[in-house]
Amino acid sequence: MTTFLDTLLNGLALGAVYALVALGFVVIFKASGVLNFAHGSLLLLGGYLVAVLHEDLGFAGALAVAVLATAAVAGALDRLLLQRGDPDPKAAHVQTIVTIGVDIVLLTDLARRIGGDLLTLGDPWGDAVTGLGPVTVADSRLAAIVVSAVVIGTVFALFRFTPWGLSLRAAAEDVEAAALMGVRLTRVRMLAWCLAGALAALAAVFLAAFPAPGLERTTGQIALKAFPAAILGGMASPPGALAGSLIIGLTEALVAGYQSELHVLGEGFGDVAPYAVMVVVLLVRPTGLFGAKGAVRV
């Protein structure tokens, strides 16, 4: 039972962090129809900035600068590069391909700067642990759950109660109708990219915190585990991103915690388990858990 509870807490913490990344995928897709494959490099950028700035600015100051800088880079990527192409929403696949090139450029430069080092982010939790009954859990895991819950709740409130959220939902439903009603689509999608960048930078802190050894040049690849979470829940559904992330996080933690019992599936099954879950769910619900079937008039 202790092993199960420990695995459950780790799974919830992983799912909470994945939700920050998956929510970024979903927000960008809702606003622009683009699958942002540069999300992993934006995450690594945010973590790298915290790592190099925390000694001078302190952890809180470095995190604030990293979040703002990553948001600005993401917004500039959309405004200065993607939006300069074909504005037709049907051309979103071309912009998606552009994000692959951007990802390669950013990852190459950041990997060169990081090299083979493990960078510490100076987070206040360190390697501290807390005992919860029979379970011992890292403080960074508890912080990940609390902070992610607050941030995700705030983002959902933005969707529901702000003019930007209303404009985003209107644009996601019908771009042409939203434009005719006066919605400034360029501003809506640029702010969506900025929000996604900020969420990625925040997620980097928890992905590099204890029990992880630190930030390394491959940390950005962890964002790929949040991609099946977004697809699992439905690419246009923020609640789906949250549900999908929790499922993926729990799956990864359970496979890692019971690896000895699952040895027949292979030692590397934990790396492919999120994608296996995604495939199984999509076989039953091709639009994802919260995806809606589109109606087409002919």
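This text goes with the structure placed above it.
Given the structure is predicted, the values throughout are model-derived calculations rather than measurements.

Trainee: Help me understand the packing of helix 5 (residues 163-173) against helix 7 (residues 185-208) in this model?
Mentor: When two helices pack together, their arrangement is given by the angle between the helix axes and the distance between those axes. Close contact between helix 5 and helix 7 brings their axes to 10 Å; oriented N to C, the two are set at 105°. Relative to helix 7, the element helix 5 is oriented roughly perpendicular. Residue-level inspection shows Trp 164, Ser 167, Leu 168 and Ala 171 of helix 5 in contact with helix 7, the latter providing Leu 185, Val 188, Leu 191, Ala 192 and Leu 195. Classifying every residue of the contact of helix 5 with helix 7 by side-chain character gives eight nonpolar, one polar and no charged.

Trainee: How should the side chain of Ser 148 be read in this particular structure?
Mentor: Looking at the element boundaries, Ser 148 is found in helix 4 (residues 139-161). Using a relative accessible area of 0% as the deciding quantity, one classes Ser 148 as buried.

Trainee: Would you take a moment to explain the packing of aromatic side chains for this structure?
Mentor: Aromatic ring pairs are defined here through the distance separating the ring centres and the angle between the ring planes. Applying the stated rule across the entire model yields six aromatic pairs. A ring pair is formed by Phe 25 and Phe 227, whose centres lie 5.4 Å apart and whose planes are at 65°; its orientation type is edge-to-face. Of this pair, Phe 25 sits in helix 1 (residues 2-32) while Phe 227 sits in helix 8 (residues 223-233), and the two are 202 residues apart along the sequence. Here a set of aromatic residues connected by ring pairs shows up, and it is made of Phe 25, Phe 37 and Phe 227.

Parameters and conventions
- Residues numbered from 1 in each chain as written.
- Predicted model: local features only at pLDDT ≥ 70, side-chain atom pairs only at ≥ 80, totals over all residues.
- Heavy atoms only, no water.
- Axes fitted to C-alpha atoms, helices over the stretch in contact; angles between N-to-C directions.
- Helix = DSSP H or I, 4+ residues; strand = E, 2+ residues; numbered from the N terminus.
- Parallel < 35°, antiparallel > 145°, perpendicular 65-115°, else oblique.
- Contact = heavy atoms within 4.5 Å.
- Nonpolar A, V, L, I, M, F, W, Y, C, P; charged D, E, K, R; others polar.
- Buried < 20%, exposed > 50% of the residue type's maximum accessible area, 1.4 Å probe, protein only.
- Phe/Tyr/Trp six-rings, centres within 6.5 Å; stacked < 30°, edge-to-face > 60°.

None of the figures reported here should be taken as evidence of function without further support.
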